[in-house]
Amino acid sequence: MGKSVQKISDRVCLFASQDTWIEGAAIQQLTKTSELAGMHRVAGMPDLHPGRGYPIGAAFFSCDRLYPALVGNDIGCGMALWQTTTKVSKVNLDKFAKRLEDIELPLDSSWQETIKAEQAIRGIAEGLFESALGTIGGGNHFAEFQAVESVHNAAAFVALGLDTKQLQLLVHSGSRGVGQSVLMDHISRFNHDGLAADLDAQSECSQYLARHDEAVRWAELNRFLIAKRFLKAIRSDGQCALDVNHNLVSPKVIDGKAGWLHRKGATPSDKGAVVIPGSRGDYSYLVQPSNNQAALNASLYSLAHGAGRKWKRGDCQSRLSHKYKREDLYRTAFGSRVICGNKELLYDEAPQAYKKCETIVSDLVDAGLIEVIATLRPVLTFKTNGSCSS
């Protein structure tokens, strides 16, 4: 599986080359997590970085016990790629930016029929954090219009219904307050302890999974509504090419054992094509997971979910402000535009705070986990018009 596979211990594998910089604290967290009761194996991706107690950019497979804290508060966070009906050659960035001025407001009454219909189809309770539906949130979430820079696998590209002339829209968001409420309820009663994998209808495990699954569906609906309102804002339409979650827990059989596969910032490699996004000043990569069963199994059927942070949030402004004026960060080396009205977020999410996505993708290719379908270039990245909520 190439040089990009490091065996840390019998239960810990890191899918990154020695040249890929990963904080020691992240590897320590990964190793510590492998020692949890019932944990069978863990796999770190090349975008691995430290989180609040648990690493981000990793997958964890346990038997007889599952751990809500490993999934975290943004249950169902993921990526959706939409192809718009707008041609790249027709893009006017000034007009687009102007049309996105009200994009963070709660959806108005004109959306209610769509919301109710989608809630019914997806099995989501009406009124469940409804005012947040269609909103991106803070942190590393975004909506980004992209152009196809190059195609490496034409057959796979066409099979997804994609066209190099059309503008693409990548949406990264999750379950907002829904996932937060699910995790906080669990933590208030069980701290960070896991739950015995008892699937009796009245068990704590079953109750958590029911709320978890609804949060995943809520996150998928949220991305759908975000995409729809961005398309409407630029007076376009579009079709969803893929939508994949990277924060969730699901039943899985691995090494002949039935158990629970937790992903925390890890994209599934058993759900078809996925996008691995770069920072707003870097390429994103549309990739096809490998069918190499040995590699898939070793990686716990997971891939990187992005470029991965180099610097902690809160440290970025002090690292960058002496080199870059605030105005400098609204444009990228690609000539793309950034909309971010929150000064702290503007620095925290600067391209310099992230690893090069090319490095992440190269490690995954070398490990035999993916094939690149196409490279996508940012055109307009939307973070927030003001002080967005997290």
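Look up: the structure comes first, before these words.
*Asks:* What exactly am I supposed to notice about the overall build of the protein chain here?
*Replies:* Secondary structure assignment for the protein chain yields 11 helices and 18 strands. Relative to its length of 390 residues, the protein chain is compact, with a C-alpha radius of gyration of 20 Å against a globular reference of 21 Å. Oriented by its inertia axes, the alpha-carbon framework of the protein chain measures out at about 55 × 50 × 45 Å. Burial analysis of the protein chain (390 residues in total) assigns 56% to the buried set. Here the contacts in the protein chain between residues at least 6 apart in sequence split such that 78% fall between residues at least 24 apart. Of the charged side chains in the protein chain, 45 are positive and 42 negative; the average position of the first set lies 5 Å away from that of the second.

*Asks:* In this structure, what is going on with the nonpolar core? I would like to understand it.
*Replies:* A general trend in soluble globular proteins is that nonpolar side chains are found buried together. In this structure, Phe15, Leu81, Leu286 and Leu369 are the most contacted members of the largest nonpolar core, which totals 56 residues. When residues in this core are grouped by element, the largest group, 5 residues, is from strand S18 (residues 370-384). Membership of the second largest hydrophobic core comes to 49 residues, among which are Leu107, Leu169, Val171 and Phe382.

*Asks:* How should I be thinking about empty space enclosed by the protein in this particular structure?
*Replies:* Using a probe with the size of a water molecule, rolled over the atoms, empty space left in the structure can be pinpointed. Using the criterion set out here, one finds 1 cavity of 30 Å³ or more in the structure. Estimated volume of the largest cavity: approximately 30 Å³. Lining the largest cavity are Met79, Leu242, Val244, Thr267, Val274 and Val275. At the level of elements, strand S10 (238-245) and strand S14 (274-276) are the ones that each hand at least two residues to the lining of the largest cavity. The class makeup of the residues in the lining of the largest cavity is 5 nonpolar, 1 polar and no charged.

*Asks:* Mind showing me how you'd approach the packing of aromatic side chains here?
*Replies:* Think of a pair of aromatic rings as described by two things: how far the centres are apart, and how the planes are tilted against each other in angle. In the structure shown here, the tally under the stated rule is 5 aromatic pairs. Taken together, a centroid distance of 6.3 Å and an interplanar angle of 55° make the contact between Phe145 and Phe230 tilted. Placement of Phe145 in strand S7 (residues 142-151) and of Phe230 in helix H7 (residues 204-233) is noted, with a sequence separation of 85 residues between them. As far as the burial class goes, Phe145 and Phe230 line up, both buried. Measuring from centroid to centroid gives 5.5 Å for Phe230 and Phe382, while their planes differ by 75°, and the two rings are edge-to-face. Here Phe382 lies in strand S18 and Phe230 lies in helix H7, a separation of 152 residues in the sequence. Over the aromatic face of Phe224 sits the side chain of Arg122, whose NZ or CZ is 5.2 Å from the ring centroid. Taking NZ or CZ as reference, Lys252 lies 4.4 Å from the ring centre of Tyr301, over its face.

*Asks:* Sorry if this is basic, but what is going on with the pattern of salt bridges here?
*Replies:* Where charged atoms from two side chains of opposite charge approach closely, those side chains can pair. The tally for this structure, following the rule as stated, stands at 17 salt bridges. The salt bridge partner of Lys98 is Glu101, with a shortest N-O separation of 3.4 Å. Judged by relative accessible area, Lys98 falls into the exposed class, the value being 55%. Residue classification places Glu101 among the partly exposed positions, given a relative accessible area of 45%. Lys356 is the salt-bridge partner of Asp282, the closest N and O atoms lying 3.6 Å from each other. Here Asp282 is found in the loop between S14 and strand S15 (284-289), whereas its partner Lys356 is found in the loop between helix H10 (343-348) and helix H11 (357-366), with 74 residues between them in sequence. For Asp282, a relative accessible area of 4% translates into the label buried.

*Asks:* Help me out: how do you make sense of the environment of Val275 in this one?
*Replies:* Checked against the element boundaries, Val275 lands in strand S14. For Val275 and Tyr330, which are 55 residues apart along the polypeptide, the C-alpha to C-alpha distance reads 24 Å. Once residues lying within four places of it in the same chain are set aside, the contact partners of Val275 are Met79, Leu81, Leu170, Leu242, Ser284, Tyr285 and Leu286.

*Asks:* Even after reading the chapter, I still don't get the packing of helix H6 (residues 176-190) against H7, so can you show me in this structure?
*Replies:* A packed helix pair is summarised by two numbers, namely the angle formed by the two axes and the spacing between the axes. Relative orientation of the contacting elements H6 and H7 amounts to 160°, with a least axis distance of 8 Å. Judged by the angle between their axes, H6 and H7 are roughly antiparallel. Judged by the twist between their axes, the crossing of H6 over H7 is left-handed. Of H7, the residues touching H6 (which contributes Arg176, Val178, Gly179, Ser181, Val182, Asp185, Arg189 and Phe190) are Glu204, Tyr208, Arg211, Ala215, Trp218 and Asn222. When grouped by side-chain class, the residues that make up the contact of H6 with H7 number 6 nonpolar, 3 polar and 5 charged.

Cut-off values and rules
Residues numbered from 1 in each chain as written. Predicted model: local features only at pLDDT ≥ 70, side-chain atom pairs only at ≥ 80, totals over all residues. Heavy atoms only, no water. Helix = DSSP H or I, 4+ residues; strand = E, 2+ residues; numbered from the N terminus. Rg over C-alpha atoms; globule rule 2.2 N^0.38 Å. Buried < 20%, exposed > 50% of the residue type's maximum accessible area, 1.4 Å probe, protein only. Contact = heavy atoms within 4.5 Å. Lys, Arg positive; Asp, Glu negative; His and termini not counted. Charge placed at Lys NZ, Arg CZ, Asp CG, Glu CD. Core = buried A, V, L, I, M, F, W, Y, C linked by side-chain atoms within 4.5 Å. 1 Å grid on protein atoms, 1.4 Å probe; cavity = no way out; pocket = protein on both sides within 12 Å on 5 of 7 lines; lining within 4 Å. Points joined across faces, edges and corners; volume = space filled by probe spheres on them. Nonpolar A, V, L, I, M, F, W, Y, C, P; charged D, E, K, R; others polar. Phe/Tyr/Trp six-rings, centres within 6.5 Å; stacked < 30°, edge-to-face > 60°. Lys NZ or Arg CZ within 6 Å of the ring centre and 35° of its normal. Salt bridge = Lys/Arg side-chain N within 4 Å of Asp/Glu carboxyl O. Axes fitted to C-alpha atoms, helices over the stretch in contact; angles between N-to-C directions. Parallel < 35°, antiparallel > 145°, perpendicular 65-115°, else oblique. Left-handed = near helix turned anticlockwise from the far one by under 90°.

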